[in-house]
Amino acid sequence: MITNISTNVDTSSSPSPLIQHHYLINRQPSFHDQSLQKPDINMASCQSNIQEGTPNLLIVDSSAFIVPQLLISALVITGFICTKTFLDNFRKRHARISVVIVGSGPTGLTSLLIAAKCGRVSRIHLYEELTRYSLLAKPYQLAFDVRTVHFLKRLGVDFDNMEGCWDCGCFFTRLGVFQEYVLSLVHRLGIPVDVHLGVKFSKEILRETDSIGGRKLVIVCDGSNGSAARILSLSDEFVQQPCKAYGAVAALERPEECVVPIPERRVYNLHFDLTAYGSDNYDSDGYKGFSFKIFGTSKHRLMCLLIPKSESPLIKCLRTVLDRSMMRNIFLKCFNTYKSESEPRLSEPMALKHLRFSPRLFEVKLSQRIDTTAYFPGTNMFVCVEGDAARSFNIHTGMDVNIGIRGLMSLSNFIGAIAIAKTEHAIEKTLIQRSKEGEKICKELISTGLWDYTQSAYRKIS
């Protein structure tokens, strides 16, 4: 509708004629208003008004402002997205956490190297119950397999500067030697590391850990009998997974020998004749033989006997008949037959005095902790359990250290993920992924791990 509004102006002060202002007001026409359906605008009259000095008819087109408004909105949104992306990337690049490690065994010290190398850790705290002297005096032998050797080399471990020996790509050394070597690297890692030897992880230490500012990760590596996981409110419940095998172990102490690392001796497909003990169970047809392994230092010799689970009469005899002399003679004969040439023989009097062994075969199982990861939002603290505290066989194979280190091969990715995890969904996803990796390791150990540590790369005895 076009409405004319006239305004009277005092002509005495101005020679200008009467000024008429014309406004264009848009209104939705009515169906009953026929005059509005086809407005009749006389262009000649408008031209005449222009010539007579009458102001123009102002027609406002709202579409002329849409494009600038869209451009401004696009610029604002783009700027917001770019700023947010920059800040998120900046936060991710500079995200750091504190790491607390409980236990300074091979798994705990390897965790220390991983945390120091991953680039996401600002400070490391290491707690060990034993004193430095007790820690480094342990005489037990470590056997790193080929996969573990390559992994530790990437972390900066120089095996050429460590006491030990090589065999088939595996490295053998004493536990104390490896611990002393890694502890000597602490001052060269490039980040602050607080080593607390002779200090047991307790509730007081937990309160100190809670007071650390920012996000933190506690890595529990205190072994299968440790208490740190329970102090951190994780369940002590384990699941026993059968490995479809029977086994027995023996240990021989030689006080007169020095503690020197020795390569392993592995043989398999062994069959025993027990008829000398009044048994008629020497029937090896159709059944796999035993795997036998000698390992440990020259002073602390260990033996492991394994056989796949079956209903062989021989296995039934060794599982049910409790005759200590029978199992002792099996270990005695096997040791003297398959030991290294430089090693002294084991006499019967020495076996009676120094040989400790399983009285009969037992079922081999893998113990797996149910709760291995957790997050406590009140203190912004993650917890993960590694090594024997998370999973272990109930039989000593000499290569058990590799089970714990295998679980650490994805620890760097886990540390990086929790350092940048911001939302509850991201945190939950990270914990689930870590749990799945642990389950995958257990399945591999049950399937092939036990036999990889007792049979692979060694000769068959017919």
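Bear in mind that the values here come from a model prediction, so they are computed numbers and not experimental data.

Procedures and definitions
Residues numbered from 1 in each chain as written. Predicted model: local features only at pLDDT ≥ 70, side-chain atom pairs only at ≥ 80, totals over all residues. Heavy atoms only, no water. Helix = DSSP H or I, 4+ residues; strand = E, 2+ residues; numbered from the N terminus. Buried < 20%, exposed > 50% of the residue type's maximum accessible area, 1.4 Å probe, protein only. Contact = heavy atoms within 4.5 Å. Phe/Tyr/Trp six-rings, centres within 6.5 Å; stacked < 30°, edge-to-face > 60°. Lys NZ or Arg CZ within 6 Å of the ring centre and 35° of its normal. Axes fitted to C-alpha atoms, helices over the stretch in contact; angles between N-to-C directions. Parallel < 35°, antiparallel > 145°, perpendicular 65-115°, else oblique. Nonpolar A, V, L, I, M, F, W, Y, C, P; charged D, E, K, R; others polar. Expected span 1.5 Å × (residues − 1). Polar contact = N/O pair within 3.5 Å; in protein donor to acceptor, adjacent residues only side chain to side chain. Patch = residues over 30% accessible without salt bridge, like charges linked within 9 Å, V, L, I, M, F, W, Y side chains within 5 Å. Areas by Shrake-Rupley, 256 points an atom, 1.4 Å probe, with all protein chains shown as cover. Salt bridge = Lys/Arg side-chain N within 4 Å of Asp/Glu carboxyl O. pLDDT = per-residue confidence, 0-100. Core = buried A, V, L, I, M, F, W, Y, C linked by side-chain atoms within 4.5 Å. Pairing = 2+ DSSP bridges.

Within the protein chain one finds 15 helices and 18 strands. Here the protein chain holds 462 residues, and 43% of them are scored as buried. Considering only contacts in the protein chain between residues 6 or more positions apart, those separated by 24 or more positions represent 78%.

For the structure shown, the criterion picks out 10 aromatic pairs. Between the aromatic rings of F272 and F290, the centroid separation amounts to 5.0 Å while the plane-to-plane angle is 35°, which identifies the pairing as tilted. Taken as a pair, F272 in the loop between strand 11 (265-270) and strand 12 (290-296) and F290 in strand 12 lie far apart in primary sequence, 18 residues in all. You'll find F272 and F290 in the same group, each marked buried. Sitting above the plane of the F414 ring, R434 keeps its charged end 5.3 Å from the centroid.

With that settled, the discussion passes to the packing of helix 14 (residues 411-420) against helix 15 (residues 424-452). Relative orientation of the contacting elements helix 14 and helix 15 amounts to 170°, with a least axis distance of 10 Å. Looking at the two axes, helix 14 sits roughly antiparallel to helix 15. Two secondary-structure elements touch here, helix 14 through L411, F414, A417 and I418 and helix 15 through T430, L431 and R434. Looking at the contact of helix 14 with helix 15 residue by residue, the class counts come to five nonpolar, one polar and one charged.

Turning our attention to helix 11 (residues 324-338). The terminal C-alpha atoms of helix 11, which comprises 15 residues, lie 21 Å apart, in line with the 21 Å expected from a rise of 1.5 Å per residue. All of the buried residues along helix 11 are M326, M327, R328, I330, F331, L332, C334, F335, N336 and Y338.

What follows concerns the environment of T297. Inspection of the secondary structure puts T297 in the loop between strand 12 and strand 13 (300-308). Owing to a relative accessible area of 1%, T297 belongs among the buried residues under this scheme. Spatially, the C-alpha atom of T297 lies 4.6 Å from that of P261, the residues being 36 residues apart in sequence. When neighbours within four sequence positions are excluded, T297 is seen to be in contact with P139, Q141, R174, V259, V260, P261 and I262. Side-chain polar atoms of T297 contact the backbone nitrogen of H300, separated by 3.2 Å.

This next bit is on a nonpolar patch on the surface. A grouping of I77, F80 and I81 is seen on the molecular surface, where their side chains present a nonpolar patch of about 330 Å² in accessible area. By the secondary structure assignment, F80 is in helix 3 (residues 66-93).

This part covers the side chain of T148. Looking at the secondary structure, you find T148 in helix 6 (residues 146-154). Taking the relative accessible area as the measure of exposure, T148 reaches 1% and is therefore buried. The contacts of T148, once residues within four sequence positions are left out, are N402, I405 and M409.

A separate point is the confidence of the model for the protein chain. With 80% of its residues at a pLDDT of at least 70, the protein chain reaches an overall mean of 83. Low pLDDT, under 50, characterises residues 1-39; the predicted model gives this stretch 31 contacts beyond four residues in sequence or across chains. Long-range and interchain partners of residues 43-51, a stretch whose pLDDT sits below 50, account for three contacts in this model, where long-range means more than four residues apart.

Generally speaking, a soluble globular protein has its nonpolar side chains buried in company with each other. Among the nonpolar cores identified, the biggest contains 52 residues, and V99, V121, I124, F144 and L217 are the most heavily contacted of them. Among residues more than four places away in sequence, those in contact with V99 are A115, V121, R123, I124, H125, L217 and I219. I294, M303, F331 and L332 belong to the second largest nonpolar core, which has 31 residues in total.

Looking now at the sheet that holds strand 8 (residues 193-197). An order of 8-4-3-9-17-16 is seen for the six strands of this open sheet, with the pairing classed as mixed. Edge strands, defined here as strands with exactly one partner in the open sheet, are strand 8 and strand 16 (373-376). Strand-to-strand twist across the sheet, computed as the mean angle between neighbouring axes with direction ignored, equals 15°. Of the strands in this sheet, strand 3 (97-102), strand 4 (121-128), strand 8 and strand 9 (216-220) touch helix 4 (residues 106-117), which is tilted by about 170° from strand 4. Packing of helix 15 onto the sheet brings it into contact with strand 16 and strand 17 (381-385), and relative to strand 16 it is tilted by some 160°.

With that settled, consider the sheet that holds strand 6 (residues 165-167). Taken in spatial order, the three strands line up as 5-7-6 in an open sheet, and their pairing is antiparallel. Single-partner strands in this sheet number two, and they are strand 5 (141-144) and strand 6. Averaged over neighbouring strand pairs, the angle between their axes works out to 25° when direction is ignored. Sheet analysis places strand 6 next to strand 7 (residues 170-174), joined by three bridges and oriented antiparallel. Bridge assignment links D167 to a residue of strand 7, and that residue is C170.

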